[in-house]
Amino acid sequence: MAVKMRLQRHGSKKRPFYFIVVADARAPRDGKFIQKIGTYNPLTVPATIQLDRQKALEWLHKGAQPTDTVRRILSFKGVLYLKHLLRGVKLGLFDDATAMVKFQKWHDEHEAQIARRNDEHRKTQRARRSQPVVRKVETRQGGSEAAEA
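Definitions and cut-offs
Residues numbered from 1 in each chain as written. Predicted model: local features only at pLDDT ≥ 70, side-chain atom pairs only at ≥ 80, totals over all residues. Heavy atoms only, no water. Buried < 20%, exposed > 50% of the residue type's maximum accessible area, 1.4 Å probe, protein only. Helix = DSSP H or I, 4+ residues; strand = E, 2+ residues; numbered from the N terminus. Pairing = 2+ DSSP bridges. Salt bridge = Lys/Arg side-chain N within 4 Å of Asp/Glu carboxyl O. Axes fitted to C-alpha atoms, helices over the stretch in contact; angles between N-to-C directions. Parallel < 35°, antiparallel > 145°, perpendicular 65-115°, else oblique. Left-handed = near helix turned anticlockwise from the far one by under 90°. Contact = heavy atoms within 4.5 Å. Nonpolar A, V, L, I, M, F, W, Y, C, P; charged D, E, K, R; others polar.

Peer 1: For the pairing of strand β3 (residues 35-41), give the residues involved together with the corresponding values.
Peer 2: Look at any regular strand and the pattern is simple: side chains alternate between the two faces of the sheet. Counting buried positions over the seven residues of β3 gives five, a clear majority of the element. The pairing of strand β2 (residues 15-24) with β3 spans five bridges and is antiparallel. Across the sheet, the residue bridging to tyrosine 18 is tyrosine 40, located in β3. With four bridges connecting them, β3 and strand β4 (residues 48-51) associate as antiparallel partners. Within the sheet, the bridge partner assigned to glycine 38 lies in β4 and is leucine 51.

Peer 1: Outline the pattern of salt bridges, listing residues and values.
Peer 2: Considering all chains together, one arrives at four salt bridges under this definition. With its nearest N and O atoms 2.7 Å apart, the salt bridge here joins aspartate 30 to arginine 29. Residue classification places aspartate 30 among the partly exposed positions, given a relative accessible area of 38%. Of the charged contacts in the structure, one is a salt bridge between arginine 122 and aspartate 119, with a shortest N-O distance of 3.2 Å. Separated by three residues within a single helix, arginine 122 and aspartate 119 lie in helix α4 (residues 96-130), roughly one turn from each other. The partly exposed category is assigned to aspartate 119, whose relative accessible area is 40%.

Peer 1: Break down the packing of helix α3 (residues 79-91) against α4 for me, citing the residues and quoting the values.
Peer 2: Running from amino to carboxyl end, α3 crosses α4 at an angle of 160°, the nearest separation of the two axes being 9 Å. One finds that α3 runs roughly antiparallel with respect to α4. The two elements α3 and α4 cross, and the hand of that crossing is right-handed. Contact with α3, carried on its side by Tyr81, Leu82, Leu85, Leu86 and Val89, involves Asp96, Ala99, Met100, Lys102, Phe103 and Trp106 of α4 and no other residues of that element. The residue inventory of the contact of α3 with α4, partitioned by class, reads nine nonpolar, no polar and two charged.

Peer 1: Pulling in residues and values, what's your account of the side chain of threonine 39?
Peer 2: Tracing the chain through its elements places threonine 39 in strand β3. Every residue in contact with threonine 39, bar those within four places of it in the chain, is listed here: Phe17, Tyr18, Phe19, Ile20, Thr48, Ile49 and Gln50.

Here it is, written out as structure tokens:
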């Protein structure tokens, strides 16, 4: 049985919300699934992702194949990096404690970068809101004039 990690769409029309699920590859997109491992909401800024890292890692070790979008989500959350580090432990390149220290260091840097991006986004949104809106107003003669609203 081929097992996939994929998105299962929920929400109303033009308001998508996704569950990240592990399902049989032959099952319909929104049909039967084996296990729910997280959620993804693309409408929030930034997108909200809730993911159970341990369950995702277990399914990757069992051979579940993520779809392209789920692969990007797993990479963003650090699951693929953790899998990579654990493979190094298995090969004897370093011990488990070193792998966890490396992952924690990466995770802290990643969270700081996300927080920095969010702050920049908020600042640009505030600046955009504070600027006056300038619109072109068409006159009957066919010319245009700038007017502030």
